[in-house]
Amino acid sequence: MNTPYAIRQLVEKALHIKKLTPEIENEINSELTQLGYISDVDYEALELLMAEMDAGRVQLVPRWG
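Worth saying up front: this structure is predicted, and the values here are computed from it rather than measured. (Residues numbered from 1 in each chain as written. Predicted model: local features only at pLDDT ≥ 70, side-chain atom pairs only at ≥ 80, totals over all residues. Heavy atoms only, no water.)

All right, on to the pattern of salt bridges then. In this structure the tally under the stated criterion is three salt bridges. Among the ionic pairs, Glu12 bridges to Arg8, the shortest N-O distance being 3.6 Å. You can see Glu12 and its partner Arg8 sitting in helix H1 (residues 6–17), four residues apart, about one turn around the helix. In this structure, the salt-bridge partner of Glu25 is Arg63, at a minimum N-O distance of 3.2 Å. Highlighted residues: Glu25 in helix H2 (residues 22–35) and Arg63 in the segment after strand S2 (59–60), separated in sequence by 38 residues. (Salt bridge = Lys/Arg side-chain N within 4 Å of Asp/Glu carboxyl O. Helix = DSSP H or I, 4+ residues; strand = E, 2+ residues; numbered from the N terminus.)

This is how it looks when you write it as structure tokens:
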């Protein structure tokens, strides 16, 4: 993806569909690995995603296989 705040955009996608899919999770991990750091904006987005998951408003979709 390699755009500014790519992680935030991926989080927005997960929040919109109310699911953290393996594909979105892999893209987030890939961005973190490539960047080697996390911006404040992306960090806040990940905090929001975790809070929404803890509250049960976003479902973690399991990996199959």
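There is more to say after this.
The periodicity of an α-helix, 3.6 residues per turn, causes residues three or four positions apart to be oriented the same way. With 12 residues, H1 should reach 16 Å at 1.5 Å per residue; the first-to-last C-alpha distance of 17 Å fits that figure. Looking only at H1, the buried set comprises Ala6, Ile7, Leu10, Val11 and Ala14. One side of H1 carries all its buried residues, which in axial view fall inside an arc of 140°. Where the residues of H1 are buried, they touch strand S1 (19–20), H2 and helix H3 (40–54). (Expected span 1.5 Å × (residues − 1). Buried < 20%, exposed > 50% of the residue type's maximum accessible area, 1.4 Å probe, protein only. Arc of directions from axis to C-beta. Contact = heavy atoms within 4.5 Å.)

Where H1 meets H2, the closest approach of the two axes is 9 Å, and the angle between their N-to-C directions is 165°. In terms of orientation, H1 lies roughly antiparallel with respect to H2. Read as a crossing pair, H1 and H2 show a hand that is left-handed. When H1 is examined against H2, the residues Ala6, Ile7, Leu10, Val11, Lys13, Ala14 and Ile17 are found in contact with a partner set consisting of Ile24, Glu27, Ile28, Glu31 and Leu32. In the contact of H1 with H2, the residues fall into nine nonpolar, no polar and three charged. (Axes fitted to C-alpha atoms, helices over the stretch in contact; angles between N-to-C directions. Parallel < 35°, antiparallel > 145°, perpendicular 65-115°, else oblique. Left-handed = near helix turned anticlockwise from the far one by under 90°. Nonpolar A, V, L, I, M, F, W, Y, C, P; charged D, E, K, R; others polar.)

A separate point is the environment of Arg57. Looking at where Arg57 falls in the secondary structure, it is placed in the loop between H3 and S2. Residues Arg57 and Ser30 lie 27 residues apart in sequence; the distance between their C-alpha atoms is 24 Å. With sequence-adjacent residues up to four places away left out, Arg57 is seen in contact with Lys18 and Glu52. Reaching out from Arg57, the side chain makes a polar contact with the side chain of Glu52 at a distance of 2.8 Å. (Polar contact = N/O pair within 3.5 Å; in protein donor to acceptor, adjacent residues only side chain to side chain.)

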